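Chain and residue survey
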Amino acid sequence: MTDSLSTTIISNIKDGALKSWLESFLPTALSFFWSVVLALIVLFIGLKLIKLFNKIATKALNRKKADIGAIQFINGLIRGLGYIVIGIVILNLFGITSTSVAAAVASIFVTAGLALQGSLSNFAGGVLILVLHPFKVGDYILEDTKGNEGTVIEISIFYTKLRTIQNEIVVVPNGNLANTSLTNITGENKRMINKTFPISYEDDIKTAKAVIRKVAEDIPTRIKEDELKVFVNDLGDSSVNIGVRVFVEMDTYFDTMWQFFEDVKYALDEAGITIPYNQVEVTMHK
């Protein structure tokens, strides 16, 4: 059996079967090898061109003083289109024609369009955000539907990233932001501190109002052009609620508000004004 196999192999070599196989295989292998080399070159050049186009687009938008969010969105769009073009060119290098690619891409888009309606909605939402400008990068927004809030740090093709006060990153779909109500807290350069301080019914209302007004007037970042209001907001079950409304600079809002609450507490204590709190009275019968 072994002798017969050896004889067959030697006969094939003599007849040139191995030579014929090599002659048919080597051109195909060399063609595939050069296709891979060209594909790597195309990928390298394509990525460089994407970076170049992004740099050019960024400079042009900066000259037009475009919003940072618009720049981020356009850069993401250029990258996405660039990757598609690179993919088509590489497929052509391996013998897949543009017609076949177009048909495949069309089929994929139809299927993906049905499966990824949410993503398409998010893309459309991103376009609406850039066109209508309900907020921009750097604004502090509150999404009314889900309650997500934070400073906008990036507006991408499909999502908007928020940084919360706790330094957490929240990713919100653009479709949600475009189709629901939201509050742009930093849309203006000032913000109102609107707070109610309860006092006891036994305390003098005029004295309490004067104490709170004095503390509010001494706020360093108070917008003096806007009227400061101190008033009786409500007569509660166990307290008289004194309301105060004062505008302060937006950038210092939280620090100013926290310090204001502390200063009011100390000032009311010094004036002998009581801040009531819930108490439980227990009566024991023998």
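Residues numbered from 1 in each chain as written. Predicted model: local features only at pLDDT ≥ 70, side-chain atom pairs only at ≥ 80, totals over all residues. Heavy atoms only, no water.

Remarks on the overall build of the chain
Put simply, the test is: In DSSP terms, a helix is any run of H or I states spanning at least four residues, a strand is any run of E spanning at least two, and both are numbered starting from the N terminus. In this scheme, a residue with accessible area under 20% of its type's maximum is buried, one over 50% is exposed, and one in between is partly exposed, where area comes from a 1.4 Å probe on protein chains only. Two residues form a contact once any of their heavy atoms are found within 4.5 Å. Shrake-Rupley sampling with a 1.4 Å probe provides the accessible areas, and residues are treated as covered by the protein chains on show and by no other component.
For the chain, the helix and strand inventory stands at eight helices and eight strands. Evaluated residue by residue, the chain yields a buried proportion of 27% over its 286 residues. Partitioning the intrachain contacts of the chain with sequence separation of at least 6 by distance along the chain shows that 63% fall at a separation of at least 24. Just so you have it, the chain exposes about 19200 Å², and 61% of that area is on carbon and sulfur atoms.

A few points about the pattern of salt bridges
Once the charged atoms of two side chains with opposite charge are near each other, the side chains can pair. What counts, and what does not: Here a salt bridge means any side-chain nitrogen of Lys or Arg lying within 4 Å of a carboxyl oxygen belonging to Asp or Glu.
Evaluated as defined, the whole model comprises five salt bridges. Lys-190 is paired through a salt bridge with Asp-226; the nearest N and O atoms lie 2.9 Å apart. Remark: Asp-226 occurs in the loop between helix H7 (205-217) and strand E7 (229-235) and Lys-190 occurs in strand E6 (residues 190-199); sequence separation between them is 36 residues. Among the ionic pairs, Lys-214 bridges to Asp-218, the shortest N-O distance being 2.5 Å.

Considerations on the pairing of strand E2 (residues 149-155)
Side chains on a regular strand alternate between the two faces of the sheet. The criterion, for reference: We treat two strands as partners when DSSP finds at least two bridges between them.
With three bridges joining them, strand E1 (residues 140-143) and E2 adopt antiparallel strand pairing. Each bridged residue has a counterpart across the sheet, and for Tyr-140 the counterpart in E2 is Thr-151. What sits between the antiparallel neighbours E2 and strand E3 (residues 159-163) is a turn of three residues.

What to know about a positive patch on the surface
How we decide: Residues forming no salt bridge and having over 30% relative accessible area are the ones grouped into patches, like charges within 9 Å of each other and nonpolar side chains (Val, Leu, Ile, Met, Phe, Trp, Tyr) within 5 Å. The positive count covers Lys and Arg only, the negative count covers Asp and Glu only, and His and the chain ends enter neither. One atom stands in for each charge, and that atom is NZ of Lys, CZ of Arg, CG of Asp or CD of Glu.
A surface patch of positive charge is lined by Lys-55, Lys-59, Arg-63 and Lys-64. Note on placement: Lys-55 falls in helix H2 (residues 17-63). Lys-55 gets classed as exposed once you look at its relative accessible area, which sits at 52%.

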